[in-house]
Amino acid sequence: MEKVQEHHQAFDAPVLISLNDVCRLTSLSRTAINRWRSLGLFPSAVPLGDKRVAFVKAEVEAWVRDRIAERDRRRAAVEQEPDREAAGGFAAPIARKTGA
């Protein structure tokens, strides 16, 4: 008897994680995550039903990588600033707005 092979289209479903998992992954509280979400600064949740949401793990991981990259960009910018000692140990003055 000949075996018939079923050909299924591969479905690479994104991995969904709970808000609690997001908290563990980011080290942020639920409140902080919800605040960032409301400002549009955090990946959108996927509604699953009655008051239940999940997040796409890859999107949250990308958000974390973006935070790390931003930190590294800032560090590199600080390292490229003129040497403070060459300026007599003082940084250039910061211009401030006055209320006048």
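The paragraphs below set out a description of the structure included in this document. A quick note: this is a predicted structure, and the numbers were derived from the prediction, not measured. (Residues numbered from 1 in each chain as written. Predicted model: local features only at pLDDT ≥ 70, side-chain atom pairs only at ≥ 80, totals over all residues. Heavy atoms only, no water.)

Quick look at the pairing of strand 2 (residues 46–49) now. Bridging between strand 2 and strand 3 (residues 52–56) involves three bridges; their strand directions are antiparallel. Following the sheet pairing, Pro 47 is matched in strand 3 by Val 53. Between strand 2 and strand 3, which pair antiparallel one after the other, the connecting turn spans two residues, and Lys 51 there sits at a positive phi close to 55°. (Pairing = 2+ DSSP bridges. Helix = DSSP H or I, 4+ residues; strand = E, 2+ residues; numbered from the N terminus.)

Time to look at the sheet that holds strand 2. Spatially, the three strands line up as an open sheet ordered 1-3-2, and their pairing is antiparallel. Each end of this open sheet is capped by a strand with a single partner; those strands are strand 1 (16–17) and strand 2.

On to the pairing of strand 3. As paired strands, strand 1 and strand 3 are joined by two bridges and run antiparallel to one another. Considered in strand 3, the bridge of Ile 17 is made with Phe 55.

Another aspect to go through is the pattern of salt bridges. Enumeration according to the criterion identifies five salt bridges in this entry. Between Arg 24 and Asp 21 there is a salt bridge whose closest N-O contact spans 2.4 Å. Residue Arg 24 and its partner Asp 21 are located together in helix 1 (residues 19–26), separated by three residues, close to a single helical turn. Judged by its relative accessible area of 30%, Asp 21 falls in the partly exposed class. Across the pair Glu 70 and Arg 73 runs a salt bridge, and its minimum N-O distance is 2.8 Å. Taken together, the positions of Glu 70 and Arg 73, both in helix 3 (residues 57–79) and three residues apart, correspond to about one turn of that helix. Overall, the relative accessible area of 28% leaves Glu 70 in the partly exposed class. Each member of the salt-bridge network shares a partner with another, and the members are Glu 70, Arg 73 and Arg 74. (Salt bridge = Lys/Arg side-chain N within 4 Å of Asp/Glu carboxyl O. Buried < 20%, exposed > 50% of the residue type's maximum accessible area, 1.4 Å probe, protein only.)

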